Structure formats: structure tokens, C-alpha cells
Amino acid sequence: MDVLEVLVQAQQRSEEMHGWAIMKATGRAGPTVYKVLDRLEDAHWVKGRWEELADDQPGPRRRFYELTGEGVPAARALLAQRRPSALTTRPALGFAPLAWLNTLLAGGAR
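First things first, this report covers the structure right here in the doc.

## A closer look at helix α3 (residues 30-42)
Consideration 1: For α3, which comprises 13 residues, the first-to-last C-alpha distance of 18 Å matches the rise-based estimate of 18 Å (1.5 Å per residue) to within 8%.
Consideration 2: Contact partners of the buried residues in α3: α1 (2-12), α2 (19-26), β2 (46-50) and β3 (63-67).
Consideration 3: At the exit of α3 stands H44, carrying a positive phi of roughly 65 degrees.

This is how it looks when you write it as C-alpha cells:
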């Protein structure tokens, strides 16, 4: 569920996620995340692609993942059933809800 939640959130932002970023976002170990990603690819819910690196770029290539056209509704339905809170809109990190600002502008808080 954690991996699907991260992939749905990335899809909503029109982003691909590489494996390490998924591991960091879920707090899960590499073998766990990659097993899940392999199963999701086998089910055609996720597609992966290898990063293209120029010859002068150091380091290993990363594999990027995104939900497929079939995977988006399937993942959303499964999350709605098992983890409905995953589909609610959350404020971006570092930003608090702005209800306090409305109060301040109305002259209520000082």
C-alpha cells in the first residue's frame, strides 16, 4: 500500500519516481520496495524505464517508475478500499493550512 500511495501521489504531480526515492518516501527497505515494484510491473500497473546517462555522467543509471493507464484506476480503487486517507489532498510540506490567515485578515487574531 505504501508504494502504491507514493506512486499515486507522483502521478497526481505528473512525476516519475526512481526506486531510491520510493524507498525514502515509504521508509521501506530496498528489497521490499523492489519486490513490490516487480509485482506491480508484472500486473501491468506500473511501467519502469532506465535513465539515459551521457558517457561523461558518473554513477549508475536509475530506474524510474510510473503508474500505467491500467494501474492508475486500479491503484486508486485499492487505496480507496484499504487506505482512504491516502487519497485525500494534503498541504505541501512546509505549508500549514491558511485558516489562521483568514482569521488574521478578518481582524480576529492579534
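That shown, we press on.
## A word on the side chain of E51
Consideration 1: Relative to the elements of secondary structure, E51 occurs in the loop between β2 and β3.
Consideration 2: Of the residues examined, E51 reaches a relative accessible area of 13% and is grouped as buried.
Consideration 3: Look past the residues within four positions of E51 in its chain and what remains in contact with it is P60, R61, R62 and F64.

## Overview of the nonpolar core
Consideration 1: Residues L4, L7, I22 and L67 are the most contacted members of the largest nonpolar core, which totals 20 residues.
Consideration 2: Only α1, α3, β3 and α4 (71-82) provide two or more residues apiece to this core.
Consideration 3: In this structure, L67 is in contact with L4, L7, V8, Q11, W45, V46, V72 and A75, ignoring residues within four places of it in sequence.

## Examining the pairing of β3
Consideration 1: By the criterion of burial, β3 is predominantly enclosed, with four of the five residues buried.
Consideration 2: Pairing of strand β1 (residues 17-18) with β3 involves two bridges; the strand directions are antiparallel. Pairing of H18 across the sheet is with F64, part of β3.

Thresholds applied
- Starting afresh in each chain, residues are numbered from 1 along the sequence in its written order.
- Restriction of local features to residues with pLDDT of at least 70 applies here, the model being predicted, together with a cutoff of 80 or more for giving and counting side-chain atom pairs; totals for whole chains, interfaces and linings are based on all residues.
- With hydrogens and water stripped out, all remaining heavy atoms of the structure feed into the side-chain values.
- Labels follow the DSSP assignment, with helices taken as runs of H or I lasting at least four residues and strands as runs of E lasting at least two, numbered in each case from the N terminus.
- In a helix, the anticipated span is given by 1.5 Å times the number of residues less one.
- Should any heavy atoms of two residues lie within 4.5 Å, those residues are counted as being in contact.
- Each residue is placed in one exposure class: buried if its accessible area under a 1.4 Å probe, protein chains only, is under 20% of its type's maximum, exposed if it is over 50%, and partly exposed if it falls in between.
- Here, the term nonpolar core denotes a set of buried Ala, Val, Leu, Ile, Met, Phe, Trp, Tyr and Cys residues that are joined through side-chain atoms within 4.5 Å.
- Being paired, for any two strands, means DSSP has found at least two bridges between them.

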